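One-letter residues, chain by chain:
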Amino acid sequence: MVIISPSLLSCDFAKMGEEVKRMEDAGAQWMHIDVMDGHFVPNITIGAPVVKSLKKEMNSVADVHLMISDPLKYAEDFAKAGADFITFHVESDSDPVETINKIRELGCKPSISIKPKTPAETIFPYLEMVDMVLVMTVEPGFGGQSFMADMMPKVKTIREECERRGLHDMYIEVDGGIDTNTISVAAEAGANAFVSGSAIFKAPDAKVIISELKEKASV
């Protein structure tokens, strides 16, 4: 199944609850919520209280992406706020195994992410332990950046390793510069979950663009 996860980083923050409903009505199955601490990445966004408020408005999956230095410390806050998936970065200060186990214990699905300069093999030791891998196709921190096509071999490598290990149901998510031109390239490389911000929120009709994204990703 192709998953479209609109990045709420690109929505109107004054109308976040309404924006969630608009995206759900347009056919999005997940909502991607970027959490940034101004330390791990050079930007600050939202915290657990906002996620908790948003979750009350959501029927979709809360796809929470922690771009923070100490995800182990804050995982419980986001689990209690209603996160379904909690993604953390292998480059963070927290021990990956401890963080994955904590997220699982909290009743959420653990997901591990890598920045553009991090080799795919870095996360191989954790593949059996997670439900999703997020490959950043831009440098994390800000929306609206251009898609990095040179990340596609990394996606392909991770998908091939998952298949080799029998992890056929693994979600491989891509985040950054995903639009109707780039999504098919990412899908061909092995991605099946797609974060898209500017392309969806700036489109005249969200339902049309989400439908087109799903169609182009169905390779």
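Cut-off values and rules
- Residues numbered from 1 in each chain as written.
- Predicted model: local features only at pLDDT ≥ 70, side-chain atom pairs only at ≥ 80, totals over all residues.
- Heavy atoms only, no water.
- Helix = DSSP H or I, 4+ residues; strand = E, 2+ residues; numbered from the N terminus.
- Rg over C-alpha atoms; globule rule 2.2 N^0.38 Å.
- Buried < 20%, exposed > 50% of the residue type's maximum accessible area, 1.4 Å probe, protein only.
- Contact = heavy atoms within 4.5 Å.
- Areas by Shrake-Rupley, 256 points an atom, 1.4 Å probe, with all protein chains shown as cover.
- Lys, Arg positive; Asp, Glu negative; His and termini not counted.
- Charge placed at Lys NZ, Arg CZ, Asp CG, Glu CD.
- Core = buried A, V, L, I, M, F, W, Y, C linked by side-chain atoms within 4.5 Å.

Chemist: What is the right way to read the overall build of the protein chain from this model?
Modeler: Per the secondary structure count, the protein chain includes eight helices and eight strands. Its C-alpha atoms give the protein chain a radius of gyration of 16 Å, near enough to 17 Å, the size a compact globule of 219 residues would have. Expressed as lengths along the three principal axes of its C-alpha atoms, the size of the protein chain is roughly 45 × 40 × 30 Å. Counting all 219 residues of the protein chain, 55% fall into the buried class. Sequence separation of at least 24 residues holds for 66% of the intrachain contacts in the protein chain that already meet a minimum separation of 6. A total of about 9,400 Å² of accessible surface is found on the protein chain, and carbon and sulfur atoms cover 50% of it. Averaging the positions of the 22 positive and the 34 negative side-chain charges in the protein chain gives two centres separated by 3 Å.

Chemist: How do you make sense of the nonpolar core when you look at a structure like this?
Modeler: A general feature of soluble globular proteins is that nonpolar side chains tend to end up buried together. Among the nonpolar cores identified, the biggest contains 67 residues, and Leu8, Val64, Ile123, Val133, Ile158 and Phe194 are the most heavily contacted of them. With five residues, helix H8 (residues 206–217) is the largest single contributor of residues to this core. Discounting chain neighbours no more than four positions away, the residues touching Ile158 are Ile114, Ala120, Ile123, Phe124, Val133, Val135 and Ile172. Counting five residues, the second largest nonpolar core, distinct from the first, contains Trp30, Phe85, Met132 and Ala193.

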